[in-house]
Amino acid sequence: MTAEHHAGGAGAKPVDVRDPHLTRFDIVKEGLRRDDIEIVTYESQFHGQNSKAEKRVVRNIALLFLISGAATLAFLGFYIWWPWEFELGHTLSDYYTPILGISLGIGLLALGFAILAWAKKLLPHELSIQQRHGDPSSDSDRLIAGQTIIYMADELGVQRRPLLKGAIALGMAPLGLAAAAPLVGGLIENPHKGEHPMMYTTGFHPSHNDGKPVRLTREDGSPIRPEDVSTGGQMTVFPGIPHGATNQHADSPTLLIHLRSDDATVTRAAADADPRNRGSMWGDYVAYSKICTHAGCPASLYEQQTNRLLCPCHQSQFLITDNAQPIFGPATRRLPMLPLTVDAEGFFVAASDFKDTVGPDFWERP
Amino acid sequence: MKRRKMDLAEAPKTFAKGVDDRFQAATPLRGLLNKVFPDHWSFLLGEIALFSFIVLLLTGVFLTLFFDPSMKEVQYDGDYLALRGTWMSAAYESSLNLSFEVRGGLFMRQMHHWAALLFMASIVVHMARIFFTGAFRKPREVNWVIGILLFLLGFFAGFTGYSLPDDGLSGTGLRIASAIMLTLPVIGTWLSASIFGGEFPGELIIGRFYIAHVLLIPGILLALIAVHLGLIFKQKHTQWPGPMRTNENVVGERMFPRYAMKQGGFFMAVFGVIALLAGLFQINPIWLFGPYRAAEVSSASQPDWYVMFMDGLVRLMPNWQIYIGNYSIPPMFWPAVVGLGALFTLPMAYPWLEARKLKDKRTHHLLQRPRDNPERVGIGMMAFTFFMVATLSGANDVIADKFHISLNAMTWAGRIGLLLLPPLAYYISVRICLGLQQHDREVLAHGVETGIIKRLPNGQFVEVHQPLGPVDEHGHPIPLEYAGWVVPKKMNRLGALAPAVKGFFYPVEKPAEAPVSPAVEAIKREEIKSGR
Ligand code: HEM
Ligand code: FES
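Parameters at a glance
Residues numbered from 1 in each chain as written. Chains lettered and ligands numbered in written order. Predicted model: local features only at pLDDT ≥ 70, side-chain atom pairs only at ≥ 80, totals over all residues. Heavy atoms only, no water. Pairing = 2+ DSSP bridges. Helix = DSSP H or I, 4+ residues; strand = E, 2+ residues; numbered from the N terminus. Near = heavy atom within 4 Å. Polar contact = N/O pair within 3.5 Å; in protein donor to acceptor, adjacent residues only side chain to side chain. Nonpolar A, V, L, I, M, F, W, Y, C, P; charged D, E, K, R; others polar. Expected span 1.5 Å × (residues − 1). Buried < 20%, exposed > 50% of the residue type's maximum accessible area, 1.4 Å probe, protein only. Contact = heavy atoms within 4.5 Å. UniProt positions renumbered as here; feature names shortened; annotations may be inferred. Phe/Tyr/Trp six-rings, centres within 6.5 Å; stacked < 30°, edge-to-face > 60°. Lys NZ or Arg CZ within 6 Å of the ring centre and 35° of its normal.

J.: Would you mind going over the sheet that holds strand β4 (residues 216-217) of chain A in detail, with residue names and values included?
T.: Residues and elements named next belong to chain A. Strand order in the open sheet formed by four strands is β4-β5-β6-β7, with antiparallel pairing between adjacent strands. Strand pairing shows two members of the sheet lacking a second neighbour, β4 and β7 (285-289), which therefore form its edges. With two bridges joining them, β4 and strand β5 (residues 234-239) adopt antiparallel strand pairing. Each bridged residue has a counterpart across the sheet, and for L216 the counterpart in β5 is P239.

J.: Describe the site of ligand 1, with residues and values.
T.: Residues and elements named next belong to chain B. Looking at ligand 1, there are 26 residues lining it, with R109, H112, H113, H213 and N284 nearest. Measuring from an oxygen atom of ligand 1, one finds a side-chain N or O atom of H113 at 2.6 Å. A distance of 2.7 Å separates a nitrogen atom of ligand 1 from a polar side-chain atom of H213. Mapped by element, the contributors of at least two residues to the shell around ligand 1 are α3 (45-64), α4 (90-100), α5 (105-133), α6 (141-163) and α9 (205-235). Here the element with the most residues in the shell around ligand 1 is α3; it accounts for seven residues. Here the residues of the shell around ligand 1 sort into 15 nonpolar, nine polar and two charged.

J.: I'd like to hear about helix α14 (residues 374-393) of chain B, residue by residue, with values.
T.: All names here are of chain B. For α14, built from 20 residues, the straight-helix expectation of 28 Å at 1.5 Å per residue is met to within 8% by its first-to-last C-alpha distance of 28 Å. All of the buried residues along α14 are P374, R376, V377, G378, G380, T385, F387, V389, A390, T391 and S393. Elements that come into contact with the buried residues of α14 comprise α5, α12 (305-316), α13 (333-358), α15 (396-403) and α16 (407-446).

J.: Before we move on, can you summarise the UniProt feature "transmembrane region" (unreviewed entry) in chain B with the specific residues and values?
T.: This chain's UniProt record puts "transmembrane region" (unreviewed entry) on residues 41-67, 113-132, 144-164, 209-233, 264-283, 332-353, 374-392 and 412-434 of chain B. Taken end to end, residues 374-392 of chain B is 100% helix and 0% strand, and its two terminal C-alpha atoms sit 26 Å from one another.

J.: How would you sum up the pairing of strand β8 (residues 461-466) of chain B? Please name residues and give values.
T.: Each regular strand carries side chains that alternate between the two faces of the sheet. Residue and element names in this part refer to chain B. Note that strand β7 (residues 448-455) and β8 share five bridges and pair antiparallel. Of the residues in β8, the one forming a bridge with R455 is F461. As consecutive antiparallel partners, β7 and β8 are separated by five residues, and within that stretch G459 has a phi angle of approximately 90°, a positive value.

J.: Any chance you could break down the pairing of β7(A) for me, citing the residues and the numbers?
T.: Residues and elements named next belong to chain A. Counting buried positions along β7 gives five out of five residues, so the element sits mostly inside the fold. In terms of strand pairing, strand β6 (residues 254-258) meets β7 through five bridges, oriented antiparallel. Each bridged residue has a counterpart across the sheet, and for I257 the counterpart in β7 is V286.

J.: Residue-level account of the UniProt feature "domain: Rieske" (unreviewed entry) in chain A, with values.
T.: Residues annotated in UniProt with the feature "domain: Rieske" (unreviewed entry) correspond here to residues 283-349 of chain A. In residues 283-349 of chain A, the share of helix is 0% and the share of strand is 34%. The end C-alpha atoms are 13 Å apart.

J.: Any chance you could break down the packing of aromatic side chains for me, citing the residues and the numbers?
T.: Under the criterion given, the structure shown has 41 aromatic pairs over all chains. With centroids separated by 4.5 Å and ring planes inclined at 10°, the aromatic side chains of B:F37 and B:Y259 adopt a geometry described as stacked. Here B:F37 is found in strand β1 (residues 36-37), whereas its partner B:Y259 is found in helix α10 (residues 255-280), with 222 residues between them in sequence. Take B:Y259: its relative accessible area is 10%, and that puts it in the buried class. Between B:F267 and B:F271, the ring centres sit 5.9 Å apart and the planes meet at 15°, which makes this aromatic pair stacked. Here B:F267 pairs with B:F271, and both are found in helix α10, just four residues apart, close to one helical turn. Of the residues examined, B:F271 reaches a relative accessible area of 15% and is grouped as buried. An aromatic cluster is defined as three or more aromatic residues linked by ring pairs; in this entry it consists of B:F151, B:F155, B:F156, B:F309, B:F344 and B:F387. Across from the ring centre of A:F347, 4.4 Å away, lies the NZ or CZ of A:R225, which sits over that ring. The lysine or arginine in question, B:K35, covers the ring of B:F233, its NZ or CZ lying 4.6 Å from the ring centre.

Okay, here's the thing in structure tokens:
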């Protein structure tokens, strides 16, 4: 097809599409005219039919389709026959996912390029202009729509019948509330309910242990003697109650630290100067909540040289020798100290629950 | 026999007639087939988002067939030996099984995750395109607002999805989300307790996030995407200024077949790229993180990239707590609640703010080159710089570690950078825009620099300029009016040089038609306002 100039469009005249002399393209143009479109250029990308260049493009596109088919078949083959079950060590199954990705990826990309090349290289180039007709509705239509709405509102007569106004409100509001009630009522939880509100107690509260002090245990539940933690060492401990080390007591993980004696002296002086932490250390041992007071990540990176605890989430740093006061980063509040003592059998126990609130800060924290 | 053959040939016609009798489809169909679309590479960015969303739907449905949104504690006994015997939630166990025991499951998980990353990335780049070209102006403000809602929903879709596998990283993310809720004045503790069904983490959150992730959020997304596309269709696409293009028309090609085919081909290509990424690049290897334990976290625990800016802002916020009597507002409230809220609501108002400032009530269908509105570019670059500093700060521990910088120095650099760099970016980009504007005007007035130096009889050297339009009787170019579109600045843009590289396909691609618009005068053009 050679260049067609200025087909259809506003300037063109309507034709009778039933006229047998019209070509199919003439009918297409009539459609364009009705949609207010003007074709400025519409020309084949090749000179003459079946030119060498065209044949070459067709061959390339066919090749792309074939590559796509082959790669997708390969994908199916790999999917079915490649060993896929996970085994330890280096095995063929390690390559299952990559080989699926490569074969499917090539299949889809080749298909995509084939279609794109077909559209871009084979189909005639076209430049069309369509009028937007983005005009707003006519003034009279706007008027009619507005008046109709007002008329309908008038018909309802709510304005004229004040009794109805009140009755609608009183009659329908409860229904709205009834719809919201199960949602709100079902979801809402009082964070402060009970004798030992969850916000203020941890697994170390004696109420979890029939009123007796709770032991400090390892993750596997075994209790800890002072000599289990070497000087300068630290250990993550959990409340020695059922499920104490699980997420049921996500606020309870605690860091038990055995300080070197000079550090311990400094730490004890600082703790004893503080009304809440006074007497909470046991010997050279101190225990701080591991739950960062910023956003609740475990503040678990212990720097022995500087006696700092670093929280990996937003890098708050707490000074161990000074009641775990925050000294850098976004945290505002020190890590609570767990009052330590040792029971008759020589195991660490919590003398009481934490005296400060554990975990991220909130509005009504005492 | 013969008659039946006849009937067969007539079948499509009879069918079409039947359809039109019932649905009156022919007239709207004609309009659809004929609809003209303008073309430009930057109009494809939104399409990438759409196609990634389709991939998300397809892969997501597959994942639901195997995923168990339950927090019941189970003991792992699967193929991955390193975790055998470990207690974990059923959700985490089923994610592990998806990765190790479902044929092709890991591939699907990784496709889902990569598609999510691409979805968010293309939304952001698409939004930048809309912003810098002024495509959000009247009458398209509503679509701009919908676009921001789509980003917001994508953010929550990503966050809820990231939380589902219940591995170490997703639990840490949930922990922080709970802490963010806690910072809300008055209702914080109530909100967190209600959403988690008690104290963090409780046993309900994965189930609740699951229904949000696979039903509520995708449902709303789907509805909004439908409205978004419907509005584009109704209002017709914007176009760049250029020859024949006016505010009242659309210049391009009809939707069928070429335009639609290009879309289809592009979809397959995007799909293919996601498949390649999913196969070749591991993402979120949950088995390495272990189940979530409140006592454990690894350093360098990073959220997905589109959440990192939040993390960065939270890291940079100084520890300023506000005390009101017995009550207090923790510092995280400001970046995580107020900041995030502002980030999503302020941009929504931008189209109206700009229109009010410029006293511009007109309808715009022609795009603006970024340089023609320097203030807008400045504001955009300011926002972008803010976002970049915040995002990089979200990884400041990794950067500090890799480049051996002190963490505290990184934090302070971020704090200072967050305040200083955005205004600087504003200033620099406004200057660059004005410089580009200036250069356009110079070329229009004097012509293109040819690189040919001429020596005048008096010994002076001058460069020969090729005028772009007619010249006056002294041979000086008559200054041309700026038309809001590319001004050719090199001789080969005027067709002075043959294209150097041959195409893979024959015929050799013609050089892009030199897009000189000033010559087209007869056509009514939208008046182009150039910021200053
Ligand atoms: C709009 C979009 C969506 C985004 C941004 C998104 C994002 C994510 C992300 C980041 C993950 C974590 C993937 C991982 O394990 O590495 C995920 C998981 C998941 N998504 Fe989506 N998703 C979207 C839509 C959907 C839809 C529509 C469905 C289902 C109908 C779905 C079903 C799932 C399931 C079942 C998982 C958990 C699978 C697992 O990790 O084991 N998602 N999603
Ligand atoms: S959670 Fe510890 S610094 Fe944010």
